[in-house]
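Chain by chain, the residues:
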Amino acid sequence: MNESIRSQFPSLRRKIGGRPCIYLDGPAGTQVPDKVIRSISNYYRRSNANTHGMFTSSIETDRLMEDTRSIVADFLGAEGGHTISFGQNMTTLNYSLSHAFGKIFQPGDEILITQLDHEANRGPWLSLREKGIRVREIRLLENGQLDYEDIAQKMNERTRLLCIGWASNILGTINDLYLARSLAYESGALLLVDAVHYAPHFPINVMQLGCDFLLCSAYKFYGPHVGILYSSPGLLDRLPTDRLRTTDQVAPFSIETGTLNHAAIAGVKSAIEFMASCGQGTTIKGQLKSSFEYIESHERSLAGQLYDGISAHQKCRILGPSFDVQQRAPTVSFLHEDLRATEVCQRLALQNIYAWDGHFYAVRAAEILGVQEKGGVTRMGISMYTSTDDVVQTLNALEDL
Ligand SMILES: Cc1ncc(COP(=O)(O)O)c(C=O)c1O
């Protein structure tokens, strides 16, 4: 299966200095398969137009938008396309939500964010402090897990919103969202989930989770740069989002400012079809279910090998949970005793191994864990196309550092 997946990614065939590249930078954006590239270019070749026109290319664009909302709804286990909005990226959509909430929350109302989250799920909410809204942080523990007692303690009748990531893009921690949801709902708060790092690796079912908002980003799951927002039915309609009077005033359109990137949205549809095509079944939902069984087991096995190899390295210390836990994102970050993360990544890059250095915008977590002043950590992520050979070569290269 891995070979057939790999054969669909043209960038995996690229050689630099006569050698192929090993892409462990998936958490910052995955590579893109032929199917996605083709559908973006076909959109421009055949159907390029604005929406709501009377002619073929515009009608095709309308249909594309509707079909993509619908397949994204299947991907997220949502009620239907009417719950799915698109935007430039996750950060922009989250800022739009925070502007809207800023208009209806009162001074003294409270929002809970976490110390583990990416800044994209902190900054937009912290900006509401200017309006007298109290933004409180849930503690990150040294073991890389959130302090759930702290959530319970900080939740009260003034809490309006709990903003929490599902998977950490720096540590690979999976947060217990079912617990977070019951704590939020007990005090009548809404639950907003950043699933950007979760979506490429695990199946999502927003109806089962019962969240109010969930955001993700297609360039993290083999697609182009498009942000995706799920809003539970009826909620977005009630939010005073920034919009023109000419914008459709109802969900899912009321948060979509201006003209969307239709070609990229064609790519989102194909990215989900690509992921589904790795599984069996007669419907997209069925295929996605089977595909995620493969993705989870393939990625967990390779990430486990990578984790064990790095842990055994005398000079490296991994941050975050081990693979003993039931669920963990296949993302491994570590500190090298003698080398800063930039140097580790530079040296790996000389061997065409692509890893990231720094805090990856999870800057609060990097500060809390004391790695920020050390130049951050080296992060390696496993994707569907990663092979056992990639992991073996990476561990050998680390040994040679
Ligand atoms: C966990 C997480 N949340 C949010 C974001 C921001 O997503 P976007 O680039 O779509 O704004 C990222 C991007 O790296 C991320 O990893």
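Quick caveat: nothing in here was measured; it's all calculated off a predicted structure. (Residues numbered from 1 in each chain as written. Predicted model: local features only at pLDDT ≥ 70, side-chain atom pairs only at ≥ 80, totals over all residues. Heavy atoms only, no water.)

Residue position: L64 is located in helix α3 (residues 56–76). With 117 residues separating them in the primary sequence, L64 and R181 have C-alpha atoms 34 Å apart. Not counting chain neighbours up to four residues away, the residues in contact with L64 comprise Y43, H262, A266 and K269. (Helix = DSSP H or I, 4+ residues; strand = E, 2+ residues; numbered from the N terminus. Contact = heavy atoms within 4.5 Å.)

Right, let's get into the sheet that holds strand β6 (residues 134–138). With mixed pairing, seven strands are arranged side by side in an open sheet as β4-β10-β9-β8-β7-β5-β6. Every interior strand has two partners, whereas the edge strands, β4 (84–87) and β6, have only one. On average, each strand axis in the sheet is tilted by 20° relative to the strand beside it, whichever way the strands run. Here strand β5 (residues 110–114) runs beside β6; their pairing, made up of five bridges, is parallel. By the bridge assignment for β6, L112 is matched with R136. Sheet strands touched by α3: β4, β9 (213–217) and β10 (227–231). Its angle to β4, the strand with the most contacts, is close to 110°. (Pairing = 2+ DSSP bridges. Axes fitted to C-alpha atoms, helices over the stretch in contact; angles between N-to-C directions.)

Counted according to the given criterion, the structure contains 15 aromatic pairs. Residues Y23 and Y354 carry aromatic rings whose centres are separated by 5.2 Å and whose planes lie at 85° to one another, so their mutual orientation is edge-to-face. With Y23 in strand β3 (residues 22–23) and Y354 in strand β13 (residues 353–354), this residue pair connects regions lying 331 residues apart in the sequence. For Y23, a relative accessible area of 8% gives the class buried. Note on Y307 and F323: the rings are 5.6 Å apart at their centroids and 80° apart in plane angle, and the pair reads as edge-to-face. Of this pair, Y307 sits in helix α10 (residues 284–312) while F323 sits in the loop between β11 (316–319) and β12 (331–336), placing them 16 residues apart in sequence. Across the pair, exposure class does not vary: Y307 and F323 are buried alike. Pairwise contacts between aromatic rings join F9, Y222, F274 and Y385 into one cluster. (Phe/Tyr/Trp six-rings, centres within 6.5 Å; stacked < 30°, edge-to-face > 60°. Buried < 20%, exposed > 50% of the residue type's maximum accessible area, 1.4 Å probe, protein only.)

Spatial strand order, β11-β12-β15-β14: four strands in an open sheet with antiparallel pairing. Among the strands making up the open sheet, the edge pair consists of β11 and β14 (356–358). Ignoring which end each strand starts from, the neighbouring axes of this sheet average 35° apart. As judged from the four bridges shared by β11 and β12, these two strands associate in the antiparallel manner. Note that in β12 the partner of R317 across the bridge is L335.

All right, on to the side chain of D390 then. Take D390: it is sitting in helix α13 (residues 388–400). Among the polar contacts listed, one links the side chain of D390 to the backbone nitrogen of S387, at a separation of 3.0 Å. Contacts of D390, omitting those with residues within four sequence positions, involve R6, I22 and Y385. (Polar contact = N/O pair within 3.5 Å; in protein donor to acceptor, adjacent residues only side chain to side chain.)

This next bit is on α3. Over its 21 residues, α3 extends 30 Å from the first C-alpha to the last, a length consistent with the 30 Å expected when each residue adds 1.5 Å. All buried positions along α3 are accounted for by S57, S58, T61, L64, M65, T68, R69, I71, V72, A73, F75 and L76. Note on α3: the residue one or two positions beyond its end, G77, has a positive phi of about 65°. (Expected span 1.5 Å × (residues − 1).)

Bringing the pattern of salt bridges into the picture now. Close approach of charged atoms allows side chains with opposite charge to pair. Counted by the stated rule, this structure contains 18 salt bridges. A salt bridge links R69 to E256, with the shortest nitrogen-to-oxygen separation between them at 2.7 Å. With a gap of 187 residues between them, R69 in helix α3 and E256 in the loop between β10 and α9 (262–276) connect regions that are remote in the sequence. Since its relative accessible area comes to 7%, R69 is described here as buried. (Salt bridge = Lys/Arg side-chain N within 4 Å of Asp/Glu carboxyl O.)

So, on to the environment of C211. With respect to the helices, strands and loops of the structure, C211 is situated in the loop between α8 (206–209) and β9. Among the residues examined, C211 registers a relative accessible area of 3% and is labelled buried. Measuring from C-alpha to C-alpha, the distance between C211 and L177 comes to 9.0 Å, with 34 residues separating the pair along the chain. When neighbours within four sequence positions are excluded, C211 is seen to be in contact with Y185, L191, V193, V206, Y230 and S232.

The next point concerns the domain arrangement of the protein. Each domain of the protein was delimited in the assignment, giving domain 1 (2–32 + 292–400) and domain 2 (39–275). Using C-alpha coordinates to define each centre, domain 1 is positioned 26 Å away from domain 2. Listed by partner, the interface residues are 39 residues for domain 1 and 34 residues for domain 2. Together, the buried faces of domain 1 and domain 2 total about 2900 Å²; carbon and sulfur atoms form 63% of this surface. Of all residues in domain 1, the largest losses of buried area upon contact with domain 2 belong to F292, Q327 and R364, amounting jointly to 20% of the total for that side. Summed over the shared surface of domain 1 and domain 2, the number is one salt bridge. For the interface between domain 1 and domain 2, the tally reads 15 residue pairs in polar contact (both at pLDDT 80 or more). For the side of domain 1 that touches domain 2, the element with the highest residue contribution is helix α12 (residues 363–368), accounting for five residues. A per-class count over the side of domain 1 that touches domain 2 returns 24 nonpolar, 10 polar and five charged. (Domains from an automatic or database assignment. Buried area = accessible area lost by both parts, 1.4 Å probe. Nonpolar A, V, L, I, M, F, W, Y, C, P; charged D, E, K, R; others polar.)

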